[in-house]
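Chain and residue survey
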Amino acid sequence: MFAVFREALTALACSLHCMNSVTGWISPSRLHVNHCLRGDESDRDEEFCRQLCERLGIPFSSFRVDVKGFAKKNSLSDEEAARKLRYGVFAENSENKLIATAHNANDDLETVILNLARGSALKGMAGIPVKRGNIIRPLLAVSRQEIEDFLAERRQDFVTDSTNLSDDYTRNKIRHRIIPLLQEVNSSVIATSVRSISAMRSENEFIEDKTDEAERICRCGKTFTGLEDFHPVIRRRCIARLLSEEALPYSADRLATADNIAVNGGKLNISGNIYLVSDGHTLKLENIVKNADVQLLEKPLVIGENSIFPDIVLDCQIVECDGLKKFLSVHSLLTFYVLDYDKIVGRVVVRNRRFGDKIQLKGRNFTSSVKKLINENVPAGQRSELHFIEDSEGTVFAEKIGIAQRVAPDDRTKRYLIISVKKSDRSGSFDTKKE
């Protein structure tokens, strides 16, 4: 809702301005948005503005919007619906122009208190932006009382929006109850808030500049690479920008979780099939297909090289008991999974992950969900190409997780199945990486 004196400030700030880039002259015009919420009173305000503009020689145009209908259709409060519609009209009628609004120091403090109550961080504590796009707010350092005194000196009357007098709106409760209490503590609270908010705004601008820098270095579309090298505040701002651009919801808690996976790896559901996925170095916003739609890959296991993923080989070798120490000594720098080959039962296949996979890991007396184990142990970017080995009784091997208890070697083991994973360097050769 507009403040009570704003309609009287047409010539000062509540107008559209077009500045000639050569002469520097400003040609003001008045754009009035009638929210049609107060019946005859709304029409009275519009007519007051029209007559004032005629007297001052300022071009005047007005628009009517259906706030109630828009609010109901989009599940918004009247306040939020009015704001969206108002700024929509501004955007449609301000090409190559600046929009100056009459937000003042009182409005700024009210906004900060409102943001504080909602749990905002520094960005919210910085108050109303002095400039955003082509919208400027030249009166943010001027108090409501100073403006009313200015009008009184010039005997300029004004009209009052009756909605500003009730406490039906959250902002009005702050205006009528909280601000007066603060003024009892400090009669100059509006003036001091101007200085405090200005300092926070300056610090926020510094963080925004650093966020711009991080985006230039790390961002490509919906992907960040190397974001872990920046301060957590910058990382979270970058993630918040990405989510905002994609019209995706987030909160301070959600940003904290997203920041954690950006550094440590993981996957975070944002909305529907949209996930933030990170391996600890690269963070991506992805549309991840549900398991039911994932292609099922499976081949009979062979001794030697098995391949179900491009550029990756699962190497399986059988080693007799007396040759195990020699084998591991020769390959001491590599990582292997070691099973008792003779405990494997029936048909054996190498495959990718399946929905509902479970395994009783070596050394445990309980069965675990493979999904849970993967979420706890495997970076999100590595989960789509994990190998599993299954015999007639179930899963005996899960890459990066371990082997099943029932195929674990013991004192009676005679033949070992040695498993390693080789990844191509794209040149045709393969390397076995220590995991």
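The preceding data block contains the structure.
Residues numbered from 1 in each chain as written. Predicted model: local features only at pLDDT ≥ 70, side-chain atom pairs only at ≥ 80, totals over all residues. Heavy atoms only, no water.

1. Overview of the pattern of salt bridges
Evaluation of the coordinates by the stated rule reveals 37 salt bridges. Between Lys68 and Asp78 there is a salt bridge, with the nearest N and O atoms lying 2.7 Å from each other. Of this pair, Lys68 sits in helix H2 (residues 67–74) while Asp78 is found in helix H3 (residues 78–92), placing the two residues 10 residues apart along the sequence. Under the relative-accessibility criterion, Asp78 is labelled buried at 17%. In this structure, Glu246 engages Lys222 in a salt bridge whose closest nitrogen and oxygen atoms are separated by 3.6 Å. On the criterion of sequence distance, the pair formed by Glu246 in the loop between helix H9 (232–245) and helix H10 (252–264) and Lys222 in the loop between strand S7 (219–220) and strand S8 (223–225) is long-range, its members being 24 residues apart. The exposure class of Glu246 is partly exposed, given its relative accessible area of 32%. Connected through salt bridges with shared partners, the residues Glu208, Asp212, Glu215, Arg219, Arg237, Arg241 and Glu245 form a single ionic network. (Salt bridge = Lys/Arg side-chain N within 4 Å of Asp/Glu carboxyl O. Helix = DSSP H or I, 4+ residues; strand = E, 2+ residues; numbered from the N terminus. Buried < 20%, exposed > 50% of the residue type's maximum accessible area, 1.4 Å probe, protein only.)

2. Structural notes on the sheet that holds strand S11 (residues 282–287)
Strand order across the open sheet formed by 5 strands is S7-S8-S11-S10-S9, with antiparallel pairing between neighbours. Of all the strands in the sheet, just S7 and strand S9 (266–271) have a single pairing partner and so form its edges. Relative to S11, strand S10 (residues 274–278) is paired through 5 bridges, and the arrangement is antiparallel. The residue of S11 that forms the bridge with Ser278 is Leu283. Against the sheet, H9 engages S7, S8, S9, S10 and S11, with an angle of about 20° to S11. Contacts from H10 reach S9, S10 and S11, with the element oriented near 150° to S9. (Pairing = 2+ DSSP bridges. Contact = heavy atoms within 4.5 Å. Axes fitted to C-alpha atoms, helices over the stretch in contact; angles between N-to-C directions.)

3. So, the pairing of S9
Relative to S10, S9 is paired through 5 bridges, and the arrangement is antiparallel. Across the sheet, residue Gly266 finds its bridge partner in S10, namely Ser278. Two successive antiparallel strands, S9 and S10, enclose a turn made up of 2 residues, where Gly272 displays a positive phi of approximately 60°.

The quantities given are spatial measurements derived from coordinates; they are silent on function.
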